[in-house]
Amino acid sequence: MTLPRIPLAGVIGSPIAHSKSPQLHRHWLKTYGIPGYYIPMDVSPENLSEVVTTLPKAGFVGVNITVPHKEKVMEIADLITDRAILIGAANTLIFRKDGKIHADNTDGYGFVENLRQGAPNWNPKAGPAAVLGAGGAARAVIASLLDVGVPEILISNRTRIRADALQQDFGKRLKVVDWVQAGNMLEEAVTVVNTTSLGMIGKPELRVPLDGLRPGAVVTDLVYAPLQTRLLRVAEEMGCVTVDGLGMLLHQAVPAFERWFGVRPTVDAAARAAALR
Ligand code: ATR
């Protein structure tokens, strides 16, 4: 008698204890009655390649990849989606039946789906977007904003050279604004995104002047701990439509769960509650 194989998945990072992905995937496994496991793995950079290539043989159908491995893991993959190449990083691996390791990046997808769900009237084509920050998260946000037809992206970063590099990579629809003038770029923006780590628990607040925010603009913060940042609090007071960053984490997990376990999960209040546990 051959026993049915129980599919295994997980998340690889270092550190990994703070990751919300295990609670979320376990909630979905339970909700849909799937006999699988989702396991957090703390793996150092020097062991990444060995761990990733061993997991398929141990019954894993795939893994999420988080800090600090999202760029490095691209070197291990056999196939890489166009969107992961564009972003220069992967957050999801699929271990295919033919033995090939497939790398994808669903962060931009999660970002857009979060805005679509949280701000149903959001029209990204209606005007420019303003993006604060130029790190790894900004790359995924910019790629997806361009993909949904944003006419222009104004980007500002403390270290200007990083914003200039993004402008070089993504082209003429991007305009770089000096960090000291970041508040000015909010005046025209119909979409505003904080991709910096400012406002996160343990980090300083985002101090960019916010009085230029347009009422009705859709404003989101990738920071989700705390859920309510200064940016979102002020934006709400000014009549903007605000969307917190937790939804991006939930939505980016959807395509991975579907590929690994064969069910497309729903992002609802129960999924949010599970991620916050
Ligand atoms: P991630 O991949 O999560 O985007 P990152 O690459 O370290 O992480 O980028 C963090 C972002 O937060 C950057 O835009 C960073 O600005 P710099 O490029 O100037 O470092 C921004 N950031 C972090 N701390 C900041 C601070 N104290 N003031 C202004 N920006 C800050």
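Only a predicted model underlies this, so the values are computations on that prediction, with no experimental measurement involved.

**Quick word on the site of the ligand**
So, point 1. Taken together, 14 residues form the shell around the ligand, and within it Ala-134, Asn-157, Arg-158, Thr-159 and Arg-162 come nearest.
So, point 2. A distance of 2.5 Å separates an oxygen atom of the ligand from a polar atom in the side chain of Thr-159.
So, point 3. Relative to its unbound accessible area of 640 Å², the ligand is 69% covered by the protein chains.
So, point 4. The class makeup of the residues in the shell around the ligand is four nonpolar, seven polar and three charged.

**Points about the confidence of the model for the protein chain**
Fine structural detail should not be taken from predicted coordinates in areas where pLDDT scores are low.
So, point 1. Across the protein chain, pLDDT averages 97, with 99% of residues at or above 70.
So, point 2. Within the protein chain, helix H3 (residues 82-87) has the poorest average pLDDT of any element, 96, and strand S10 (residues 191-194) the best, 99.
So, point 3. Here the predicted complex carries an ipTM of 0.97, next to a pTM of 0.96.

**Thoughts on the sheet that holds strand S5 (residues 92-95)**
So, point 1. In space, the six strands of this open sheet follow the order S2-S1-S3-S5-S6-S4, with mixed pairing throughout. Two strands in the sheet have a free side with no partner beyond their single neighbour: strand S2 (37-42) and strand S4 (79-80).
So, point 2. Judged from the two bridges that link them, S4 and strand S6 (residues 101-104) form a sheet pairing that is parallel. Its bridge partner lying in S6, Ile-80 is registered against Ala-103.
So, point 3. Docked against the sheet, helix H1 (residues 21-31) engages strand S1 (8-13), S2 and strand S3 (60-65), running at close to 170 degrees with respect to S2.

**Topic: the UniProt feature "domain: Quinate/shikimate 5-dehydrogenase/glutamyl-tRNA reductase" (unreviewed entry) in the protein chain**
So, point 1. Listed under "domain: Quinate/shikimate 5-dehydrogenase/glutamyl-tRNA reductase" (unreviewed entry) in the UniProt record, and renumbered for this structure, are residues 129-197.
So, point 2. For residues 129-197, the end-to-end C-alpha separation is 19 Å, with 33% helix and 22% strand making up the annotated structure.

Criteria and cut-off values
- Residues numbered from 1 in each chain as written.
- Predicted model: local features only at pLDDT ≥ 70, side-chain atom pairs only at ≥ 80, totals over all residues.
- Heavy atoms only, no water.
- Near = heavy atom within 4 Å.
- Polar contact = N/O pair within 3.5 Å; in protein donor to acceptor, adjacent residues only side chain to side chain.
- Areas by Shrake-Rupley, 256 points an atom, 1.4 Å probe, with all protein chains shown as cover.
- Nonpolar A, V, L, I, M, F, W, Y, C, P; charged D, E, K, R; others polar.
- pLDDT = per-residue confidence, 0-100.
- Helix = DSSP H or I, 4+ residues; strand = E, 2+ residues; numbered from the N terminus.
- Pairing = 2+ DSSP bridges.
- Contact = heavy atoms within 4.5 Å.
- Axes fitted to C-alpha atoms, helices over the stretch in contact; angles between N-to-C directions.
- UniProt positions renumbered as here; feature names shortened; annotations may be inferred.

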